[in-house]
Amino acid sequence: MSTSALQKAKGFKKSKTGTYLSMATTAFGAVTVTKQIKKARTEHDTLKLVDAVVSAAAIVTGLAILYRELKRLGDDDVLLG
(Lines give C-alpha, C1' and ligand atoms only; values in the text may rest on other atoms or scores of the structure.)
Protein backbone atom coordinates (compact mmCIF):
# COMPACT_ATOMS: atom_id res chain seq x y z
CA MET A 1 0.00 0.00 0.00
CA SER A 2 1.46 3.36 -0.98
CA THR A 3 1.89 6.19 1.47
CA SER A 4 -0.84 8.21 -0.27
CA ALA A 5 -3.31 5.34 -0.04
CA LEU A 6 -2.39 4.81 3.61
CA GLN A 7 -2.99 8.48 4.38
CA LYS A 8 -6.39 8.30 2.67
CA ALA A 9 -7.28 5.18 4.65
CA LYS A 10 -6.32 6.92 7.89
CA GLY A 11 -8.39 9.95 6.88
CA PHE A 12 -11.48 7.84 6.12
CA LYS A 13 -12.97 8.44 9.56
CA LYS A 14 -12.76 12.19 8.96
CA SER A 15 -14.33 11.98 5.52
CA LYS A 16 -17.98 12.46 4.60
CA THR A 17 -18.27 8.78 3.78
CA GLY A 18 -16.73 7.79 7.11
CA THR A 19 -19.02 10.17 8.95
CA TYR A 20 -22.09 8.80 7.18
CA LEU A 21 -20.98 5.28 8.08
CA SER A 22 -20.54 6.30 11.72
CA MET A 23 -24.01 7.87 11.69
CA ALA A 24 -25.54 4.71 10.25
CA THR A 25 -23.80 2.55 12.84
CA THR A 26 -24.93 4.84 15.65
CA ALA A 27 -28.49 4.94 14.34
CA PHE A 28 -28.52 1.14 14.14
CA GLY A 29 -27.96 1.18 17.92
CA ALA A 30 -31.34 2.88 18.20
CA VAL A 31 -33.00 -0.39 17.17
CA THR A 32 -31.46 -2.15 20.16
CA VAL A 33 -32.41 0.68 22.51
CA THR A 34 -35.99 0.62 21.23
CA LYS A 35 -36.18 -3.09 22.02
CA GLN A 36 -34.73 -2.44 25.49
CA ILE A 37 -37.33 0.24 26.17
CA LYS A 38 -40.22 -2.00 25.06
CA LYS A 39 -38.94 -4.89 27.17
CA ALA A 40 -38.40 -2.69 30.23
CA ARG A 41 -41.91 -1.23 29.93
CA THR A 42 -43.44 -4.69 29.52
CA GLU A 43 -41.58 -5.96 32.59
CA HIS A 44 -42.26 -2.73 34.53
CA ASP A 45 -38.53 -2.54 35.27
CA THR A 46 -37.77 1.10 36.04
CA LEU A 47 -34.02 0.61 36.29
CA LYS A 48 -33.79 -1.03 32.85
CA LEU A 49 -36.03 1.71 31.47
CA VAL A 50 -33.76 4.42 32.85
CA ASP A 51 -30.76 2.60 31.38
CA ALA A 52 -32.42 2.45 27.97
CA VAL A 53 -33.41 6.12 28.08
CA VAL A 54 -29.86 7.13 28.97
CA SER A 55 -28.60 4.99 26.08
CA ALA A 56 -31.11 6.68 23.77
CA ALA A 57 -29.89 10.09 24.92
CA ALA A 58 -26.31 9.00 24.15
CA ILE A 59 -27.36 7.94 20.65
CA VAL A 60 -29.10 11.25 20.00
CA THR A 61 -26.07 13.17 21.27
CA GLY A 62 -23.73 11.03 19.17
CA LEU A 63 -25.79 11.63 16.05
CA ALA A 64 -25.85 15.37 16.75
CA ILE A 65 -22.06 15.43 17.09
CA LEU A 66 -21.63 13.45 13.87
CA TYR A 67 -24.06 15.76 12.06
CA ARG A 68 -22.09 18.77 13.26
CA GLU A 69 -18.88 17.13 12.04
CA LEU A 70 -20.52 16.45 8.68
CA LYS A 71 -21.49 20.10 8.35
CA ARG A 72 -18.00 21.15 9.39
CA LEU A 73 -16.44 18.95 6.72
CA GLY A 74 -18.40 20.75 4.05
CA ASP A 75 -16.41 20.62 0.85
CA ASP A 76 -13.13 19.69 2.60
CA ASP A 77 -13.60 15.95 2.12
CA VAL A 78 -10.36 14.11 2.91
CA LEU A 79 -10.98 11.32 0.39
CA LEU A 80 -11.76 13.67 -2.48
CA GLY A 81 -8.81 15.99 -2.03
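A brief report on the enclosed structure follows. (Residues numbered from 1 in each chain as written. Predicted model: local features only at pLDDT ≥ 70, side-chain atom pairs only at ≥ 80, totals over all residues. Heavy atoms only, no water.)

Bringing the pattern of salt bridges into the picture now. Using the criterion set out here, one finds two salt bridges in the structure. A salt bridge links Glu43 to Lys48, with the nearest nitrogen and oxygen atoms 3.5 Å apart. The shortest N-O distance in the salt bridge between Arg72 and Glu69 comes to 3.7 Å. In this pair, Arg72 and Glu69 are both assigned in helix 3 (residues 46-73), three residues apart and thus about one turn of the helix distant. (Salt bridge = Lys/Arg side-chain N within 4 Å of Asp/Glu carboxyl O. Helix = DSSP H or I, 4+ residues; strand = E, 2+ residues; numbered from the N terminus.)

The next thing to look at is helix 2 (residues 16-43). The terminal C-alpha atoms of helix 2 lie 41 Å apart, and with 28 residues this matches the ideal 40 Å at 1.5 Å per residue to within 8%. Where helix 2 is concerned, the buried positions are Gly18, Thr19, Met23, Val33 and Ala40. Turning to helix 2, the residues buried within the fold contact helix 3. Count one or two residues on from helix 2 and you reach His44, which has phi positive near 55 degrees. (Expected span 1.5 Å × (residues − 1). Buried < 20%, exposed > 50% of the residue type's maximum accessible area, 1.4 Å probe, protein only. Contact = heavy atoms within 4.5 Å.)

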